[in-house]
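# Breakdown of the fold
Here's the letter readout for the chains.
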Amino acid sequence: MKQKLTIVKVGGAVVEDETQLTQLLKDFSAIEGKKVLIHGGGRRATQVAASLGIESKMVGGRRITDADMLSVVTMVYGGLVNKSLVARLQANGVNALGLTGADINVIRSHKRPIKDGIDFGFVGDVDKADGQMLSHLIESGITPVMAPLTHDGEGHILNTNADTIASETAKALAPFYDVTLIYSFEKKGVLRNPDDDNSVIPTITRADFEHYKADGTISGGMLPKIENALNAIDAGVSRVIITLATAIDGQSGTQIF
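Residues numbered from 1 in each chain as written. Predicted model: local features only at pLDDT ≥ 70, side-chain atom pairs only at ≥ 80, totals over all residues. Heavy atoms only, no water.

## As for the nonpolar core
Counting 40 residues, the largest nonpolar core has Ile7, Met146, Leu173, Leu181, Ile204, Ile226 and Val240 as the members making the most contacts within it. In terms of residues, this core owes the most to one element, helix H8 (residues 222–234), which gives six residues. Counting residues in hydrophobic clusters, the runner-up holds 32 residues, among them Val14, Ala49, Val145 and Ala245. (Core = buried A, V, L, I, M, F, W, Y, C linked by side-chain atoms within 4.5 Å. Buried < 20%, exposed > 50% of the residue type's maximum accessible area, 1.4 Å probe, protein only. Helix = DSSP H or I, 4+ residues; strand = E, 2+ residues; numbered from the N terminus.)

Here is the structure:
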């Protein structure tokens, strides 16, 4: 019987909210057994870029990453946000280690090709995550804290969507553990009505997703999040839950089947 492993992905909005972040780190530290934390940080990157006179360009909620912006996200995600989270987890009694995809070759990707005339720049689409290498760290009593950066094996860092990092990490670890993946953010789950915080959809199957996508119930940034969640389930991840950052015990939110 596989040991349980909990992977929690925390979004950039929560990282920027001190009250929510403090509670999330406390709750994450209290999770029993083996665990992994994956973080975003887009809002902080936008702030730092603006302070340096670098414009943030977005298409469909995704960041265009030119050479200047790549420098910013590498500093912010791999340094400022990642190491702050690691230090705070140590203070909570969690022996954490910060990683980008380049560290120990844990996540390899390729530069996203131009599609529909859109060049996202130095953005990576994941080819492979090394679950065995991560499992060696986890079995050594280490809690990986993963930044949304990968590499192409040719010396280049690539900006990579944190939800995708979470899904690919969960899929890579599924052969070794009974994996629960929790996407935590500022809402109680996937909402039927975006103006009603209590209109949480309790469960979503792939058929449900296609229906909600077609009628517009689910749109925008929630689309790739749920697509990543469904892909993780298809690849053997036991449970995927989308929930409030202060509710990462897995008892509420939207469960993906």
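## Points about the sheet that holds strand S14 (residues 254–256)
Strand order in the open sheet formed by eight strands is S5-S8-S2-S1-S11-S13-S14-S12, with mixed pairing between adjacent strands. The outermost strands of the open sheet, each flanked by one partner alone, are strand S5 (96–99) and strand S12 (203–204). Judged from the six bridges that link them, strand S1 (residues 4–10) and strand S2 (residues 34–39) form a sheet pairing that is parallel. If you follow Val8 over to S2, its bridge partner there is Leu37. Strands S1, S2, strand S8 (143–146) and strand S11 (178–185) of the sheet are contacted by helix H6 (residues 162–173), whose axis makes an angle of about 170° with S11. The sheet contacts of H8 involve S1, S11, S12, strand S13 (239–244) and S14, and relative to S13 the element is tilted by about 150°. (Pairing = 2+ DSSP bridges. Contact = heavy atoms within 4.5 Å. Axes fitted to C-alpha atoms, helices over the stretch in contact; angles between N-to-C directions.)

## Focus: the packing of H6 against H8
Running from amino to carboxyl end, H6 crosses H8 at an angle of 5°, the nearest separation of the two axes being 9 Å. Compared by their axis directions, H6 and H8 come out roughly parallel. Residues Asp163, Thr164, Ser167 and Lys171 of H6 pack against Lys225, Asn228, Asn231 and Ala232 of H8. Class assignment of the residues belonging to the contact of H6 with H8 gives a composition of one nonpolar, four polar and three charged. (Parallel < 35°, antiparallel > 145°, perpendicular 65-115°, else oblique. Nonpolar A, V, L, I, M, F, W, Y, C, P; charged D, E, K, R; others polar.)

## Things to note about unusual backbone geometry
For Ile104, which is not a glycine, the phi torsion comes out positive at approximately 45°. Examined against the element boundaries, Ile104 turns out to sit in the loop between S5 and strand S6 (107–111). Accessibility expressed as a relative area gives 39% for Ile104, which makes it partly exposed. We note that Asp116 has phi near 55°; this positive angle belongs to a residue other than glycine.

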